[in-house]
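Residue-level structure breakdown
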Amino acid sequence: MKSTNGEVIETERTLSDVKAEIERFKEIIAENEEMANPEKQREVVAEYKNLMAVVKRLAGEFQIMNNYIELLKETMKKRKAAYHHMRYYMTRVINFFFSHVLKQKEFSGSITPYFYDMVGEDGKQKKAQTLEVVIYPRNKEQFVGENGSSQATEAASSIYSTTKSLSGGERSYSTVAFIIALWQICPSPFRLLDEVDVFMDMVTRKISIDTLIWFATERSSKQFIFLSPLHMQKLDNPECVTINFMPEPERD
């Protein structure tokens, strides 16, 4: 085969293959001839500039969104830290008032919330979203030996590790302490208790009622309603307390 300048080119392709390739190149040249047109070149440049402007705008929006996401991540970290701080603070407040009320009857105790599944100090599995209430009545010392042995102390801890081992009156008074502790973090303007003083002896009942009235007096911006099936004894703060008696029920 001879080239356009008369040079002989050796090839194994057939004449039809060479002609087909020549036609293909002619089509490519024809398609790109219009690119030499200045008007077409200006259109291509203008489209390129428009596309670049769109790319820059999208890149700016992407950066803004990325900054916003980073800000959200930082905010979530702060909110999580504030939540843990608030949770710790509420736990301390509840325990403080719980212990304070228990001391009125020479009790001691604590409230331990478990926010996650974990193993407690006693080696037992603790479930998430549960509370462990530990109360020691005033006669805890009777389990301590003359030499103050640790075995006696451990016996007292095992006996009074939960409220199940308390008497009815002790459990009722512990409930009063527990409720007052929870009221410290309760925003409700109304507080109601029904028959909280049942199963109590007269001394425990008076301490409980006086404690509730003291608590209500300290928070006069809220309204407290206490219901009791028992006769109400003389109160220390009659000026801020109104006692209403339900009429006797009609019986056949």
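One numbering rule holds for all chains: residues counted from 1, following each sequence as written. Reporting in this predicted model follows two pLDDT cut-offs: at least 70 for local features of residues, and 80 or more for side-chain atom pairs to be given and counted; totals over whole chains, interfaces and linings ignore these cut-offs and use all residues. Side-chain measures here rest on the full set of heavy atoms in the structure, leaving out hydrogens and waters.

Let's talk about the nonpolar core
By nonpolar core is meant a set of buried Ala, Val, Leu, Ile, Met, Phe, Trp, Tyr and Cys residues that side-chain atoms within 4.5 Å join together. Three exposure classes are used, based on accessible area relative to the maximum for each residue type with a 1.4 Å probe and protein chains only: buried under 20%, partly exposed in between, and exposed over 50%. Ranked by size, the top nonpolar core spans 24 residues in total, and within it Phe 98, Ile 180, Trp 183 and Leu 212 carry the most contacts. Counting from the N terminus, the helices are DSSP H or I runs at least four residues long and the strands are E runs at least two residues long. Of all the secondary structure elements, the ones that give two or more residues to this core are α2 (38-103), α4 (168-183) and α5 (202-218). Looking at this core, the element that brings in the most residues is α4, giving 7 residues. What Leu 212 contacts, discounting residues up to four positions off in sequence, is Val 176, Ile 180, Trp 183, Leu 193, Val 196 and Phe 226. In this description, contact between two residues means that some pair of their heavy atoms is separated by no more than 4.5 Å.

Thoughts on the confidence of the model for the protein
When pLDDT drops low, the exact placement of atoms in the prediction is not to be read closely. You can read pLDDT as the predictor saying how much it trusts each residue, on a scale of 0 to 100. Residues with a pLDDT of 70 or more make up 81% of the protein, whose mean pLDDT is 79. When pLDDT is averaged over each helix and strand of the protein, the minimum, 42, is found for helix α3 (residues 150-159) and the maximum, 91, for α2. Note that pLDDT drops below 50 for residues 141-161; the model gives that stretch 21 contacts with residues more than four away or on any other chain.

Digging into the packing of α2 against α4
Two numbers describe how α2 lies on α4: the axes approach to 8 Å, and their chain directions differ by 145°. In this structure, α2 meets α4 at a crossing whose hand is right-handed. Residues Ile 94, Phe 97, Phe 98, Val 101 and Leu 102 of α2 form the contact with α4, whose own contacting residues are Tyr 173, Ser 174, Ala 177, Phe 178, Ile 180, Ala 181 and Leu 182. Classifying every residue of the contact of α2 with α4 gives 11 nonpolar, 1 polar and no charged. Angles shown run from 0 to 180 degrees and are taken between the N-to-C directions of axes, each axis being a line fitted to C-alpha atoms and, for helices, limited to the stretch in contact. The crossing is said to be left-handed when, going from far helix to near helix, the turn is anticlockwise and less than a right angle, and right-handed when the turn is clockwise. Each residue receives one of three labels: charged for Asp, Glu, Lys and Arg, nonpolar for Ala, Val, Leu, Ile, Met, Phe, Trp, Tyr, Cys and Pro, and polar for the others, Gly being one of them.

Some remarks on unusual backbone geometry
The phi dihedral of Glu 106 falls on the positive side, at around 60°, and the residue is not glycine. At Gln 129, a position not held by glycine, the phi torsion is positive, near 60°.

A short note on the packing of aromatic side chains
Only Phe, Tyr and Trp rings are paired, with Trp represented by its six-membered ring, and only when their centres lie within 6.5 Å; those with planes under 30 degrees apart are stacked, over 60 edge-to-face, the remainder tilted. Taken as a whole, this structure holds 6 aromatic pairs when the rule is applied. With 5.4 Å between their ring centres and 70° between their planes, Trp 183 and Phe 224 make a pair best called edge-to-face. Here Trp 183 is found in helix α4, whereas its partner Phe 224 is found in strand β6 (residues 223-227), with 41 residues between them in sequence. We classify Trp 183 as buried; its relative accessible area is 9%. For Phe 224, a relative accessible area of 15% puts it in the buried group. Seen in terms of ring centroids, Phe 215 and Phe 224 are 5.8 Å apart; in terms of plane orientation they differ by 90°. Their pairing is edge-to-face. Each member of the pair, Phe 215 as well as Phe 224, is classed as buried. Within the aromatic cluster, the residues linked to one another by ring pairs are Trp 183, Phe 215, Phe 224 and Phe 226. Each ring is checked for a lysine NZ or an arginine CZ that lies within 6 Å of its centre and within 35 degrees of its normal; such an atom marks a charge sitting over the ring. The lysine or arginine in question, Arg 24, covers the ring of Phe 25, its NZ or CZ lying 4.9 Å from the ring centre. Between Arg 87 and the ring centre of Phe 115, over which it is positioned, the NZ or CZ distance is 3.8 Å.

Focus on a nonpolar patch on the surface
To count toward a patch, a residue needs a relative accessible area above 30% and no salt bridge. Like charges then connect within 9 Å, nonpolar side chains (Val, Leu, Ile, Met, Phe, Trp, Tyr) within 5 Å. Methods summary: accessible areas were calculated by the Shrake-Rupley approach with a probe of 1.4 Å, and residue burial reflects only the protein chains presented. We define a salt bridge as a contact between a side-chain nitrogen of Lys or Arg and a carboxyl oxygen of Asp or Glu at a distance within 4 Å. On the surface, a cluster of nonpolar side chains totalling about 410 Å² of accessible area is made up of Met 65, Tyr 68, Leu 71 and Leu 72. If you trace the backbone, Tyr 68 turns up in helix α2.

What about the environment of Leu 182?
Looking at the secondary structure, you find Leu 182 in helix α4. Judged by its relative accessible area of 32%, Leu 182 falls in the partly exposed class. Residues Leu 182 and Asn 95 lie 87 residues apart in sequence; the distance between their C-alpha atoms is 9.4 Å.

Brief notes about α4
Multiply 1.5 Å by the residue count of a helix minus one, and that product is the helix's expected span. The end-to-end C-alpha distance of α4 is 22 Å, a good match for the 22 Å that 16 residues give at a rise of 1.5 Å each. Burial in α4 covers these residues: Gly 169, Glu 170, Ser 172, Tyr 173, Ser 174, Val 176, Ala 177, Ile 179, Ile 180, Ala 181 and Trp 183. Each element contacted by the buried residues of α4 is listed here: α2, β4 (130-136), β5 (190-194), α5 and β6.

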